[in-house]
Amino acid sequence: MKIRKAIIEDIPKMVELTMQLRKIENSFSDRVACGKKTREFFVEVFKKHIFDKDHFYFVAEDKEVVGLAFGWRENIFPVYKNEYVGYVADVIVKEKYRGRGIGKKLVSALENEFKKIGLKETQLLVLKDNKRAHEVWKEMGYNDLYIEMRKDL
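Residues numbered from 1 in each chain as written. Predicted model: local features only at pLDDT ≥ 70, side-chain atom pairs only at ≥ 80, totals over all residues. Heavy atoms only, no water.

*Asks:* How would you explain the side chain of glutamate 25 if you had to name every residue and give the values?
*Replies:* Note that glutamate 25 resides in helix H1 (residues 11-28). Judged by relative accessible area, glutamate 25 falls into the buried class, the value being 17%. The residues contacting glutamate 25, other than those within four sequence positions of it, are Val32 and Leu127. (Helix = DSSP H or I, 4+ residues; strand = E, 2+ residues; numbered from the N terminus. Buried < 20%, exposed > 50% of the residue type's maximum accessible area, 1.4 Å probe, protein only. Contact = heavy atoms within 4.5 Å.)

*Asks:* So what about the packing of aromatic side chains? Which residues, and what values?
*Replies:* Under the criterion given, the structure shown has nine aromatic pairs. Between phenylalanine 70 and tryptophan 72 the ring centres are 6.4 Å apart and the planes differ by 35°, which places this aromatic pair in the tilted class. Judged by relative accessible area, which is 3%, phenylalanine 70 ranks as buried. Classification of tryptophan 72 by relative accessible area gives partly exposed; the value is 23%. Ring geometry for tryptophan 72 versus tyrosine 87: centroids 5.1 Å apart, planes at 25°, classification stacked. Residue tryptophan 72 is found in strand S3 (residues 65-75), and its partner tyrosine 87 is found in strand S4 (residues 84-93); the two are separated by 15 residues along the sequence. Residue tyrosine 87 is classed as buried on the basis of its relative accessible area, which comes to 13%. Aromatic rings pair up to connect Phe41, Phe42, Phe46, Tyr57, Phe70, Trp72 and Tyr87 into one cluster. When the ring centre of tyrosine 84 is taken as origin, the NZ or CZ atom of arginine 73, which lies over that ring, is 3.9 Å away. (Phe/Tyr/Trp six-rings, centres within 6.5 Å; stacked < 30°, edge-to-face > 60°. Lys NZ or Arg CZ within 6 Å of the ring centre and 35° of its normal.)

*Asks:* Provide a residue-level description of helix H3 (residues 102-116), including the pertinent values.
*Replies:* The end-to-end C-alpha distance of H3 is 21 Å, a good match for the 21 Å that 15 residues give at a rise of 1.5 Å each. Looking at H3, one finds that the buried residues are Ile102, Gly103, Leu106, Val107, Ala109, Leu110, Glu113 and Phe114. Viewed along the axis of H3, the buried residues span an arc of 150°, placing them on a single side of the element. Those residues of H3 that are exposed and aimed more than 90 degrees away from the buried face are Lys115 and Lys116. Buried residues belonging to H3 abut strand S1 (2-5), strand S2 (55-61), S3, S4, strand S5 (122-123) and helix H4 (131-139). (Expected span 1.5 Å × (residues − 1). Arc of directions from axis to C-beta.)

Function cannot be inferred from these measures alone, as they are strictly geometric.
Take a look at the structure:
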């Protein structure tokens, strides 16, 4: 299993993996969109940012792309101790490859890039009903900080 930086040719597989994650998240919350507009959005985002110095895309490869992690340097305003954090946006591994530590390796690659650019902390969001993902993030050293709340109008 090889973890490497993503290249432009990986975008179709990256989009497929991202859409798999959206479908999983949609099973926890119907607020998560996973249709044609979502797919088009990710195609454009990946094309726009894959070479951006503040965005980081890693894939796990085993003859084909089987996992993805991406994130970016995010400004969290100067009222926090650290003005910037490494934001972990998405991590997904194809189902038949799960349980092998691939996701953790992908996250480690992201965290190493964040450290290289001087960041001191990372942050992410996890759906409250996705208990397994919450457990995995806690096992990797992440702690609860906020509870994001929403209300339908």
